[in-house]
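# Coordinate inspection notes
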Protein chains: 2
Amino acid sequence: MNLEIVTIGDELLLGFTIDTNAAHLARELAALGARIVRRSTCGDDAAAIADAVQAALDRTGAVITTGGLGPTADDQSKPAIAALFGQQMVLDESIVAALEQRWLTRFGQPLPPSNRQQAMVPTGATILGNRHGSAPGIWLEDARGRWVAMLPGVPREMRGMLADTLIPRLRDRIGTGGTVIRSRTLRTCSIAESALADRLGELAGGIDGLSLAYLPGNDGVDLRLTSWSLPAREAERALDAAAVRVREKVGRWIYGEGDDDLAALMLAECAAREATVAVAESCTGGGLGARFTAVPGSSRSFMGGVIAYHNDVKVRELGVPTEALDAQGAVSEPVARAMAAGVRQRFGTRIGIGITGIAGPDGGTPDKPVGTVWVATDIDGDVRAVRAVLPGDRNEIRFRAGQLALDRLRRTFARDADGDGWTVRAP
Amino acid sequence: MNLEIVTIGDELLLGFTIDTNAAHLARELAALGARIVRRSTCGDDAAAIADAVQAALDRTGAVITTGGLGPTADDQSKPAIAALFGQQMVLDESIVAALEQRWLTRFGQPLPPSNRQQAMVPTGATILGNRHGSAPGIWLEDARGRWVAMLPGVPREMRGMLADTLIPRLRDRIGTGGTVIRSRTLRTCSIAESALADRLGELAGGIDGLSLAYLPGNDGVDLRLTSWSLPAREAERALDAAAVRVREKVGRWIYGEGDDDLAALMLAECAAREATVAVAESCTGGGLGARFTAVPGSSRSFMGGVIAYHNDVKVRELGVPTEALDAQGAVSEPVARAMAAGVRQRFGTRIGIGITGIAGPDGGTPDKPVGTVWVATDIDGDVRAVRAVLPGDRNEIRFRAGQLALDRLRRTFARDADGDGWTVRAP
């Protein structure tokens, strides 16, 4: 099935908002076997919307739009596209009732007058339910089988409606026999793109007809294998086999697959070992704690910690010796070690993590350039520390410092300790 | 001047790469007075490129493309677009020489054979130099004055070529007397989009020819005024005047403009009052501390805090009374107040912030649904708390809780206290 996407919004055209919806749609639809052949972005005015959608209908006959379904005057998608199908707009009383109920339950207020507009729908339309927001989606189809699905522009709402209503609908239409585009992502950490390519050797450019893409980010370098032209079952088998070969070469640096989050994986490892965790953060300022607590159920292992941004806090709350601070500065091995041990003892956990560094843009010196961090882990009293100089701007350095701390835990938990880790057993 | 953008690349259509080039181009060109009226994305094959670019030339006659200028077989932009202008491809020896020099100097290698392709250019083309990469850009123009500018897809190279060669060229064509697209963004917090529209009344849909867009996000709802067809000086005046009128209606909820970050603004307010801050975070897990410390120079006012994720930590580190936890639960007014006061006293700061809530997805009850948060501020011993039910998923609720805490500080610092705030003076 060939599809086109039309993303609607002045803020997209003007460059104020990055278009993440189109990318998400494309990935989800490719997995179904639907191929995006064109993508357009137009502004909020009804004429531009009608022009872009009409052209897409004429070219391809299957169109998904995002945006323009809100309660204000610059939300023109429904009337503009309804006109292309020769339909009029009518007020759907069941949607009004649902909106009134939503506003009463969530906000304790009656439905604002401007939100009634969201209950206007084209005659002959199928409503796509929205569990994550006010605006219902719309499916319109003509006698020739050409269709437009209108989704909200707010990413969370769009993604929810896509999964709940549109994907199942398209899956029925597509069936299961054709070729698909499928990918498998292996997530690495603490190794550079070029070093990965070197270690992959002859696999570096692709494997058995599957392409291999290198996607560097703050989490580390993701390796993406993609099958372009096999049926679903064969694609999965090919990806499985290729992933095995990649792991044989660089498995030591692979911490997960797909969307795996290293913090979530480490919490699972802690839970399996009945190991509680506390953090002592300086330059990361609470960011590692925020990463842990982003994971539902993190309270099973994550107790909390101390944001020791000022040196007085390091001394008073964590027992960091003033001599160490004076002699070697806050960004040093003894201070990192004392932070990890201090928070572990104070919070009574099995694991303590200490992070101290220079996030920049100021504060660097020739000895300790911007990006210098010390990360220490104290596990059942065994304290180890490592120094790194991390690339990027202030926020990239802070994020990467947290990721380094998580990777230190990962190496500790890995069974093939490789001399660098050690084994942590459940009590 | 009206323009269209065509971004070329399978990886964009498939959603593996987010299209940041289009947004960057749009912002830079709008400042010149060039208006992007349509944006398209097509795949790497020559037929798709020709189709998309021809349509754009016919509609608008001024097209910028990105991508497809590399050294591999899937780089088809130049031949595909040359054919539209009736031109052929020839090898430009001066570009070959420049590429050979580049490879020798940067990589110490001779020019790989596949890279010679980058020296093929359409007859009659103007070359746009690339200081950041191998691929030269191309400008093609026909006798009617319709033109296409082809830029590289790698963002850093595209941005460099845009600034070095294309913007000056377009500035000459547009001149300086023409009209510009200019925007002014007013950032609001703690008020819903529809409530803003209701309060704006007759201004809700636009003011004096300027459009008004509502951009909801986790920071709050941004209001963007845009001038589309005035010369630069008049546009600025019109935006100034419209902003005044908007502030008259909803100024109470406006915390900043443009890219203003509420955490940075609050740190500046604290610094001006010589007021230090400490945070006690439960459901936000360190996220508010991370927001403060994302701001360079935050150490002037931000001392640190306690991540009191587990109730034991609230009791032991912050002195929260166990009776309050047992009687009303962790997400309650007395616990939030005790957290704020506890961290303020312990850290010796003038300001303490306490945040406790139910971030979900689990943990909600009819009395305390998911999204329930209590935020308390203790300023010089004066403790105030507020309860809210915040929308969104786990991470949106956590971010919004931090933003609510910052907004509570903002209201405190606001001179027109409106009965809800109070005045904090420098000592």
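Since we're looking at a predicted model, the values are computed, not measured.

Criteria and cut-off values
All residue numbers refer to positions counted from 1 along the written sequence of the respective chain. Each chain gets a letter, beginning with A, and each ligand a number, beginning with 1, in the order they are written. This being a predicted model, a pLDDT of at least 70 is required before a residue's local features are given, and a value of 80 or more before pairs of side-chain atoms are given or counted; all residues contribute to the totals for chains, interfaces and linings. Side-chain metrics in this entry use all non-hydrogen atoms of the structure; hydrogen atoms and water are not considered. In this scheme, a residue with accessible area under 20% of its type's maximum is buried, one over 50% is exposed, and one in between is partly exposed, where area comes from a 1.4 Å probe on protein chains only. Only DSSP runs of H or I covering at least 4 residues are called helices, and only runs of E covering at least 2 are called strands; the numbering of each starts at the N terminus. This arc is taken over the directions from the axis of the helix to the C-beta atoms. A pair of Phe, Tyr and Trp rings is counted when the ring centres sit within 6.5 Å of each other, with Trp represented by its six-membered ring. The angle between the planes then sorts it: under 30 degrees is stacked, over 60 is edge-to-face, the rest tilted. For a lysine, the NZ atom is tested; for an arginine, the CZ atom; a charge sits over a ring if that atom is within 6 Å of the ring centre and within 35 degrees of the ring normal. Note on contacts: a residue pair is in contact if any heavy atoms of the two residues lie within 4.5 Å. Two parts placed together each lose some accessible area; with a 1.4 Å probe, that loss summed over both constitutes the buried area. What makes a salt bridge here is a side-chain nitrogen of Lys or Arg within 4 Å of a carboxyl oxygen of Asp or Glu, nothing more. Should DSSP find at least two bridges between two strands, the strands are regarded as paired. Axis definition: a line fit to C-alpha positions, over the contact stretch in the case of helices; interaxial angles, taken between N-to-C directions, run 0 to 180 degrees. Polar contacts here mean pairs of N or O atoms no more than 3.5 Å apart (in protein, one a potential hydrogen donor and the other a potential acceptor; neighbouring residues in sequence count only if both atoms are side-chain atoms). Residue ranges assigned to the domains are those given by an automatic or database domain assignment. By the convention adopted, Pro, Cys, Tyr, Trp, Phe, Met, Ile, Leu, Val and Ala count as nonpolar, Lys, Arg, Asp and Glu as charged, and the other residues, Gly among them, as polar. Among the buried residues, those of types Ala, Val, Leu, Ile, Met, Phe, Trp, Tyr and Cys that are joined through side-chain atoms within 4.5 Å form a nonpolar core.

### Description of helix α11 (residues 311-318) of chain B
All names here are of chain B. Looking only at α11, the buried set comprises Val313, Lys314, Glu317 and Leu318. Along α11, the residues classed as buried sweep out an arc of 105° about the axis, all on the same side. A positive backbone phi angle near 70° is found at Gly319, which sits one or two residues after α11.

### So, the packing of aromatic side chains
According to the stated counting rule, one finds six aromatic pairs over all chains in the structure shown. Ring centres 5.2 Å apart and planes at 25° place the aromatic pair B:Phe292 and B:Phe302 in the stacked group. Of this pair, B:Phe292 sits in helix α10 (residues 287-293) while B:Phe302 is found in strand β14 (residues 302-307), placing the two residues 10 residues apart along the sequence. By the burial criterion, B:Phe292 is buried, and B:Phe302 matches it. By way of ring pairs, the aromatic residues A:Phe292, A:Phe302 and B:Tyr309 are connected into one cluster. For the cation-ring pair, B:Arg169 lies above B:Trp139, with the distance from its terminal atom to the ring centre recorded as 4.7 Å. Taking NZ or CZ as reference, B:Arg316 lies 5.0 Å from the ring centre of A:Phe347, over its face.

### Some thoughts on the environment of B:His310
Residue and element names in this part refer to chain B. Note on placement: His310 falls in the loop between β14 and α11. Relative accessible area serves as the criterion here: at 28%, His310 is assigned to the partly exposed category. Measuring from C-alpha to C-alpha, the distance between His310 and Cys283 comes to 9.6 Å, with 27 residues separating the pair along the chain.

### A look at the interface of chain A and chain B
Often, the extent of an interface is quoted as the loss of accessible area on bringing the components together. Counting from both sides, the interface comprises 74 residues of chain A and, opposite them, 73 residues of chain B. Taking both partners together, chain A and chain B bury about 5,700 Å²; carbon and sulfur atoms supply 56% of that area. The tally of links between chain A and chain B comes to seven salt bridges. Measuring nitrogen to oxygen at the nearest pair gives 2.3 Å for the salt bridge that ties B:Arg38 to A:Asp51. Tallying contributions element by element places strand β2 (residues 35-42) of chain A first for the side of chain A that touches chain B, with seven residues. Where strand β14 (residues 302-307) of chain A and β14(B) come together, three bridges link them in antiparallel fashion. Following the sheet pairing, A:Ile307 is matched in β14(B) by B:Gly305.

### Regarding the sheet that holds strand β1 (residues 2-8) of chain A
Taking strand neighbours across the sheet as the criterion, the 12 strands line up as β6(A)-β7(A)-β8(A)-β3(A)-β1(A)-β2(A)-β2(B)-β1(B)-β3(B)-β8(B)-β7(B)-β6(B) in an open arrangement whose pairing is mixed. One side of each edge strand has no neighbouring strand; the edge strands of this open sheet are β6 (126-128) of chain A together with β6 (126-128) of chain B. If you compare each strand with its neighbour and ignore which way they point, the axes differ by 20° on average. When strand β3 (residues 62-66) of chain A meets strand β8 (residues 147-151) of chain A, the two strands line up parallel, connected through five bridges. Across the sheet, residue A:Ala62 finds its bridge partner in β8(A), namely A:Trp147. Strand contacts of helix α2 (residues 20-32) of chain B: β1 (2-8), β2 (35-42), β3 (62-66) and β8 (147-151) of chain B, with the helix running at about 160° to β1(B), the strand carrying the most contacts.

### Focus on the side chain of A:Thr293
Residue position: A:Thr293 is located in helix α10 (residues 287-293). Engagement of the side chain of A:Thr293 in a polar contact is seen with the backbone oxygen of A:Gly289, the distance being 2.8 Å. One polar contact links A:Thr293 to B:Arg398, side chain to side chain, over a distance of 2.7 Å. Once you skip the residues sitting within four places of it in the chain, A:Thr293 turns out to touch A:Ser298, A:Phe302, B:Thr284, B:Gly285, B:Tyr309, B:Arg394 and B:Arg398.

### A short note on the domain arrangement of chain A
All names here are of chain A. Once the domains are mapped, chain A shows domain 1 (2-174), domain 2 (179-257) and domain 3 (262-425). With centres defined by C-alpha atoms, the gap from domain 1 to domain 2 works out at 35 Å. Listed as interface residues are four residues of domain 1 and, on the opposing side, four residues of domain 2. For the pair domain 1 and domain 2, the interface holds zero salt bridges. Counted by class, the side of domain 1 that touches domain 2 contains three nonpolar, one polar and no charged residues.

### Focus on the nonpolar core
Formed by 62 residues in total, the largest nonpolar core has its most connected members in A:Phe292, A:Ile351, A:Ile353, B:Phe292, B:Ile351 and B:Ile353. For A:Ile353, the contacting residues outside a window of four places in its chain are A:Val277, A:Ala278, A:Val279, A:Ala280, A:Leu288, A:Phe292, A:Ala340, A:Val343, A:Ala376, A:Thr377, A:Ala405 and A:Leu409. One finds A:Val306, A:Val343, B:Leu318 and B:Val335 within the second-largest nonpolar core, a separate group that totals 29 residues.

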